[in-house]
Amino acid sequence: MVTKELIPMPKSRFVKVVCPKCKNEQIIYNKAATVVKCLVCGNVLAEPTGGKAKIHAKIVKVLS
Ligand SMILES: [Zn+2]
């Protein structure tokens, strides 16, 4: 019998964001432990807060 796996805590995941400055699309980890910068312009897209990263860019897609 196949049962659905129970997820005890919200899973960390990757999100696709758009840089607010240069519109570059980039996939970032939403539990990033370090500051994530845009690969094109260097704008900070996410910064660690101890748990979930604070994301400064617009999230366009959540990748499961
Ligand atoms: Zn950028």
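Up top is the structure.
Basis of the calculations
- Residues numbered from 1 in each chain as written.
- Predicted model: local features only at pLDDT ≥ 70, side-chain atom pairs only at ≥ 80, totals over all residues.
- Heavy atoms only, no water.
- Donors = N, O, S within 2.8 Å, 3.2 Å for Na, K, Ca; no water.
- Tetrahedral: all angles 85-135°; square planar, octahedral: opposite > 155°, others 65-115°.
- Helix = DSSP H or I, 4+ residues; strand = E, 2+ residues; numbered from the N terminus.
- Pairing = 2+ DSSP bridges.
- Phe/Tyr/Trp six-rings, centres within 6.5 Å; stacked < 30°, edge-to-face > 60°.
- Buried < 20%, exposed > 50% of the residue type's maximum accessible area, 1.4 Å probe, protein only.
- Contact = heavy atoms within 4.5 Å.

Asker: Help me out: how do you make sense of the coordination of the zinc ion in this one?
Answerer: A metal bound by six donors in octahedral fashion has ideal angles of 90 or 180 degrees, whereas one bound by four tetrahedral donors has an ideal angle of 109.5 degrees. Protein ligation of the zinc ion involves Cys19 (SG), Cys22 (SG), Cys38 (SG) and Cys41 (SG), the donor distances falling in the range 2.3 Å. One way to put it: the 4 donor atoms around the zinc ion meet at angles of 104 to 117°, and that makes the site tetrahedral. In primary sequence terms, the donor set of the zinc ion follows C-x2-C-x15-C-x2-C. One end of the pair, Cys22, is in the loop between β1 (14-18) and β2 (25-29); the other, Cys41, is in the loop between β3 (36-37) and β4 (44-47), and 19 residues separate them in sequence.

Asker: Would you mind going over the sheet that holds β4 with me for this structure?
Answerer: In any sheet, the strands associate via hydrogen bonds between backbone groups, in a parallel or an antiparallel arrangement. With antiparallel pairing, 3 strands are arranged side by side in an open sheet as β3-β4-β5. Looking at strand neighbours, the two that pair on one side only are β3 and β5 (54-55), the edges of this open sheet. Examined bridge by bridge, β3 and β4 share 2 bridges and lie antiparallel to one another. Its bridge partner being in β4, Val36 is matched across the sheet by Ala46.

Asker: When you look at the packing of aromatic side chains in this model, what are you seeing that I'm missing?
Answerer: Working definition: an aromatic ring pair is given by the centre-to-centre distance plus the angle between the planes. Throughout the structure, instances matching the rule amount to 1 aromatic pair. Here Phe14 and Tyr29 contribute two aromatic rings whose centre-to-centre distance is 5.1 Å and whose plane-to-plane angle is 35°, an arrangement assigned as tilted. Placement of the pair is Phe14 in strand β1 and Tyr29 in strand β2, with a sequence separation of 15 residues. According to the relative accessible area criterion, Phe14 is partly exposed, its value standing at 43%. Residue class for Tyr29 comes out partly exposed when judged on its relative accessible area of 33%.

Asker: Explain the environment of Ala57 here, please?
Answerer: Inspection of the secondary structure assignment puts Ala57 in the loop between β5 and β6 (58-63). When its relative accessible area of 11% is taken as the criterion, Ala57 is described as buried. Contacts of Ala57, omitting those with residues within four sequence positions, involve Val17, Val18, Pro20 and Leu45.

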